[in-house]
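A closer look at the structure
Residue-level listing of the chains:
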Amino acid sequence: MALQTVLADLAQPSTVGPIARPAHYLPAGRSGSVEVQHLFVGSLLHRATRTRQKTKPVDPLSGVLQDYIEASSFGLPPAPSDWEEGNKLATQIERNLIEGSVRVEHAENGAPSVRFRPIDWDVDLPLARASSMVTEMIPVVLYLRHHVQPGSTLIIEEPEAHMHPAMQVRMTAELARIVAAGVRVIVTAHSDWILSALANICRMADLPRNERSDIEAGDVTLPAGQAGVWEFLPNGTGGTQTREIVLDSDSGMYDAGYPRVADTLYDDWATISSRLQED
């Protein structure tokens, strides 16, 4: 792996390192990982008991989901990694997004336990009772604090899930901070709010620092060359093709077609309203 990394560096230099370096994949539906963990532990305990009763076999989990459960539950180290910047990024997300603290407790016997405590609370809030947005973002905090290192790749599916648009904008700034710290971040998203926030972050890189101090998240910028947007489209033969969406210099936006959807909805609304008035 060390030789592969060196060769990849020579062939494809990048500000965050080659794709050959360690990658961490956070699947969609992370808020359900607590229930999956409980089922997984229960299954292990059940199989560990000595019984002659016939049981229905449990469907195997995909390799990706197994790896995710291992890294975010059973494989959590007892202490944060030695990458201080990762801990700072995790703390930023705790403060700016989930408004609480995340910690890991290790029992003498048993799997590690993830705890969440909202700001100004004296007790922990059970994860099963936390909002979906909080439980979706907690794994990101855990990975930054315990697994991710500079040069790693962090893949997050649908980070905007269960988020108000204002929180999606904040979250995009946090992702940009992770990239600026030297981590390659790949996300799948269906949100115009994320694209608009990312466009602003890239355009702010051309502003002097003293001219962006009054702009929200003006402390984080990414040159346009450090961000890329691609759209996946059907190719007409049952497959998929990709199209790069370039940051438009005139509009300052990534045109993923979302405004056209809004225009179509408005035109339909206007047509329906007009015909109802005629009737």
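Quantities reported herein were computed from a predicted structural model and do not represent experimental measurements. (Residues numbered from 1 in each chain as written. Predicted model: local features only at pLDDT ≥ 70, side-chain atom pairs only at ≥ 80, totals over all residues. Heavy atoms only, no water.)

Notes on helix α7 (residues 192-204)
For clarity, the threshold we go by: Where helices and strands are cited, they refer to DSSP runs of H or I of at least four residues and of E of at least two residues respectively, numbered from the N terminus. To estimate how far a helix should extend, the number of its residues minus one is multiplied by 1.5 Å. Per-residue accessibility, obtained with a 1.4 Å probe over protein chains only, is compared with the maximum for each type, and a residue is labelled buried under 20%, exposed over 50%, and partly exposed between these values. We call two residues in contact whenever any of their non-hydrogen atoms come within 4.5 Å of each other. Counted as a polar contact is a pair of N or O atoms within 3.5 Å, where, for protein atoms, one must be capable of donating a hydrogen and the other of accepting one, and residues adjacent in sequence contribute only when both atoms are in side chains.
With 13 residues, α7 should cover 18 Å at 1.5 Å per step; its first-to-last C-alpha distance of 18 Å lies within 8% of that length. Buried residues of α7: Ile194, Leu195, Ser196, Ala197, Leu198, Ala199, Ile201, Cys202 and Met204, and no others. The inward-facing, buried residues of α7 abut α6 (165-180), β6 (229-234) and α8 (258-278). Between the side-chain oxygen at the start of α7 and the backbone nitrogen of Trp193 there is a gap of 3.2 Å, and the oxygen is on Ser191.

With respect to the sheet that holds strand β1 (residues 23-26)
We apply this condition: A strand pair is defined by DSSP finding two or more bridges across the two strands. Axis lines are fitted through C-alpha atoms, for helices just across the contact stretch, and the angle between N-to-C directions can take any value from 0 to 180 degrees.
Judged by pairing direction, the sheet is parallel, and its 3 strands sit side by side in the order β1-β4-β5 without closing on themselves. Edge strands, defined here as strands with exactly one partner in the open sheet, are β1 and β5 (184-188). Strand-to-strand twist across the sheet, computed as the mean angle between neighbouring axes with direction ignored, equals 15 degrees.

Describing unusual backbone geometry
In this structure, Asp120 is a non-glycine residue whose phi angle is positive, near 70 degrees. For Asp120, the location among the structural elements is in the loop between β3 (113-118) and α5 (132-146). Of note, Ala217 is a non-glycine position whose phi angle comes to about 60 degrees, a positive value. Tracing the chain through its elements places Ala217 in the loop between α7 and β6.

Points about the confidence of the model for the protein chain
Formally: pLDDT expresses, on a scale from 0 to 100, how confident the predictor is about each individual residue.
Per-residue confidence for the protein chain gives a mean pLDDT of 82; residues scoring 70 or more make up 78%. Ranking the helices and strands of the protein chain by mean pLDDT puts helix α4 (residues 84-98) first, with 96, and helix α1 (residues 2-11) last, with 43. Here residues 1-16 is a poorly scored stretch, pLDDT under 50, and it has 18 contacts once near neighbours within four places are set aside; other chains count.

A closer look at the nonpolar core
Selection criterion: Side-chain atoms within 4.5 Å are what join buried Ala, Val, Leu, Ile, Met, Phe, Trp, Tyr and Cys residues into a set we call a nonpolar core.
Counting residues in hydrophobic clusters, the biggest one holds 37 residues, and the most contacted among them are Ile98, Met137, Ile138 and Leu144. Within the residue set of this core, elements represented by two or more residues are α3 (63-74), α4, β2 (100-105), β3, α5, β4 (153-157) and α6. Sort the elements by how many residues they give to this core and α5 lands first, with 9 residues. Of all hydrophobic cores here, the second largest spans 15 residues; its members include Val179, Ile201, Leu222 and Tyr254.

Examining the pairing of β5
What counts is decided by this rule: Whether a crossover is right-handed comes down to one check: with the strands pointing away from the viewer, does the path from the first strand over the helix to the second run clockwise; if it does, it is right-handed.
In this structure, β4 lies alongside β5, joined through 5 bridges in parallel fashion. Bridge assignment links Thr153 to a residue of β5, and that residue is Arg184. Read from β4 through α6 to β5, the crossover connection turns out right-handed.

Considering the side chain of Glu160
Locating Glu160 in the fold gives a position in the loop between β4 and α6. Look at Glu160 and you get buried, because its relative accessible area is 11%. Filtering out sequence-adjacent residues up to four positions away, Glu160 remains in contact with Gln168, Met171, Thr188, Ala189, His190, Ser191 and Ile194.

Points about the environment of Ser251
Relative to the elements of secondary structure, Ser251 occurs in the loop between β7 (240-245) and α8. Separated by 52 residues in sequence, Ser251 and Ala199 have C-alpha atoms that sit 10.0 Å apart. Looking at Ser251, its side chain comes within polar contact range of the main-chain nitrogen of Met253, at 3.4 Å.

Let's talk about the environment of Pro112
Its location among the elements puts Pro112 in the loop between β2 and β3. Separated by 40 residues in the primary sequence, Pro112 and Ser72 have C-alpha atoms spaced 9.4 Å apart.

Let's talk about the packing of α6 against α7
Convention followed: In what follows, roughly perpendicular refers to angles from 65 to 115 degrees, roughly parallel to angles under 35, roughly antiparallel to angles over 145, and oblique to any angle outside these ranges. Note: crossing handedness is left-handed where the near helix turns anticlockwise from the far helix by less than a right angle, and right-handed where it turns clockwise. Under the grouping applied here, Gly and all other residues not named as nonpolar or charged are polar, the nonpolar ones being Ala, Val, Leu, Ile, Met, Phe, Trp, Tyr, Cys and Pro and the charged ones Asp, Glu, Lys and Arg.
In contact at an axis separation of 9 Å, α6 and α7 are set at 45 degrees when each is read in the N-to-C sense. Between α6 and α7, the crossing angle belongs to the class labelled oblique. α6 and α7 meet at a crossing whose hand is right-handed. In this structure, α6 contributes Pro165, Gln168, Val169, Met171, Thr172, Ala173 and Ala176 to the contact, and α7 contributes Trp193, Ile194, Ala197, Leu198 and Ile201. Of the residues belonging to the contact of α6 with α7, the class tally is 10 nonpolar, 2 polar and no charged.

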